[in-house]
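Single-letter residue listing:
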Amino acid sequence: MKNKWLSFFSGKVQLELTGRGIERLLNECTRQGIPVFHVKKKKEAVSLYIQLQDVHAFRRVRRKFKCKARFINRKGFPFLLLKSKLNIGFTIGFAMFFILLFLLSNMVWKIDVTGAKPETEHQMMQHLNEIGVKKGHLQFLMMSPEKIQKSLTNGIDNITWVGVDLKGTTIHMKVVEKNEPEKEKYVSPRDIVAKKKATITRMFVQKGQPMAAIHDHVEKGQLLVSGLIGSEEQQQEVASKAEIYGETWYRSEVTVPLETLFNVYTGKVRTKHKLSFGSLAIPIWGMTFKKEELKHPKTEQEKHSLNFLGFKLPISYIKEQTRESEEALRKYTKEEAVQEGIKMGKLDVEDKIGENGEVKSEKVLHQTVENGKVKLIILYQVIEDIVQTTPIVRETEE
């Protein structure tokens, strides 16, 4: 028998043949398509194996010959299953032990956090508890390490970065906090100039000689803080440092369609649970006989590796969610489109001026409606950082 695994799962029996006509019996089995394997000749008998499914066919063929057949051995999964039924208590106990050991190997028993202060670690543990990441929970029913990392970064303000690594039954987290003191780097002597035309609204000089004041109108490249301090005879060069904010203007062109098609989820979700063996995925839960078509389906998968006694198995658990989406039509009136355009332009300006900048006001300079779209030209009044550093250039004597 070439395929031993197939032979094991289908079951096989060993026979001992005695008497006359054994060779003719074996030839007839071959003609009838009954596989015979592991044939061995003893003194006055021949032992061989046939598949369990061929036992009845073999008996019909043997009746035509004078030799006798005796079953001497049984092997394979069907006979193991029969023995397990006879010892049901032991079988259930063994199965429960194996299942319990498997579940314990795939639980989280420790969450190790390094690089965080006690207050930050406490916040992290509370957040992890809210999203279902805690000791005693099954790993394949929790978020993936990538999603845990994203949730922690977005949910806790004083975390700059957190690395999440799942090893065995322990989740290791390495944290970098925002309030870690930065090492002061050497800065060469420099001046501060205006990076654009503005009216100064706020000014705080830490190092250097101020060359402008609040409410001054400055041009791009104009000197605001000099890096030369002291008298002309005893001048020193320093790295100017200051916070200077000025009032500037941004011109933005925005186009808003009056009608827009976009996809939204309807709320219908089909969830499937699978076990993956390499490239083969076998559904274990969530398969329905009622085939309900989902319109515009979008499928997401979460894959978790399974472990046993600290060893990573070549088996993975897959949670597959298919959501139904549909096209929705959004309509704006002209006034609503103008307000939406102002918001869009404001977001674009805020990205340019950074977190410390502020949009004070806006004014629509021009608006037109063409081909179902509202086109706007908007002027935004903002307060932003106008500091630009430049190296000190010494004047050379001729």
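As shown above, the structure is provided for reference.
Residues numbered from 1 in each chain as written. Predicted model: local features only at pLDDT ≥ 70, side-chain atom pairs only at ≥ 80, totals over all residues. Heavy atoms only, no water.

Draft legend 1. Fine view of the sheet that holds strand S7 (residues 170-177). Taken in spatial order, the three strands of this open sheet run S5-S7-S6, and their pairing is mixed. Two strands lie at the open edges of the sheet, namely strand S5 (110-114) and strand S6 (159-167), each paired on one side alone. Averaged over all pairs of adjacent strands, the angle between their axes in this sheet comes to 20°, without regard to strand direction. As judged from the eight bridges shared by S6 and S7, these two strands associate in the antiparallel manner. From the neighbouring strand, valine 162 faces S7, where its bridge partner is valine 175. (Pairing = 2+ DSSP bridges. Helix = DSSP H or I, 4+ residues; strand = E, 2+ residues; numbered from the N terminus. Axes fitted to C-alpha atoms, helices over the stretch in contact; angles between N-to-C directions.)

Draft legend 2. Summary view of unusual backbone geometry. The phi dihedral of histidine 38 is positive, around 55°, even though this residue is not glycine. Structurally, the position occupied by histidine 38 is in strand S2 (residues 37-41). When its relative accessible area of 43% is taken as the criterion, histidine 38 is described as partly exposed. Its identity is not glycine, yet asparagine 371 carries a phi of approximately 50°, on the positive side. Structurally, asparagine 371 is set in the loop between strand S20 (358-370) and strand S21 (373-385). Overall, asparagine 371 belongs to the exposed group, its relative accessible area being 79%. (Buried < 20%, exposed > 50% of the residue type's maximum accessible area, 1.4 Å probe, protein only.)

Draft legend 3. Layout of the sheet that holds strand S12 (residues 223-226). The four strands are arranged S10-S12-S8-S22 in an open sheet whose pairing can be described as antiparallel. Each of the sheet's edge strands pairs with one partner strand only, and the pair in question is strand S10 (209-210) and strand S22 (387-391). Where S10 lies against S12, two bridges are found, and the strand directions are antiparallel. Note on S12: the bridge partner recorded for glutamine 209 is serine 226.

Draft legend 4. Layout of the pattern of salt bridges. Per the counting criterion, the structure on display carries 11 salt bridges. The partner of lysine 167 in a salt bridge is aspartate 165, and the shortest N-O contact between them spans 3.8 Å. You can call lysine 167 exposed: its relative accessible area is 53%. Owing to a relative accessible area of 36%, aspartate 165 belongs among the partly exposed residues under this scheme. (Salt bridge = Lys/Arg side-chain N within 4 Å of Asp/Glu carboxyl O.)

Draft legend 5. Structural detail: the state of the cysteines. For the coordinates displayed, the defined rule picks out zero disulfides. Cysteine cysteine 67 shares no disulfide, and the gap to the nearest cysteine sulfur, in cysteine 29, comes to 8.8 Å. (Disulfide = S-S within 2.5 Å.)

Draft legend 6. Region of interest: the side chain of glutamine 139. Along the chain, the position of glutamine 139 falls in the loop between helix H6 (118-130) and helix H7 (145-155). On the basis of relative accessible area, glutamine 139 is assigned to the buried category, the value being 4%. Once you skip the residues sitting within four places of it in the chain, glutamine 139 turns out to touch Ser105, Asn106, Met107, Val108, Leu166, Gly168, Thr169, His304 and Asn307. (Contact = heavy atoms within 4.5 Å.)

The quantities given are spatial measurements derived from coordinates; they are silent on function.
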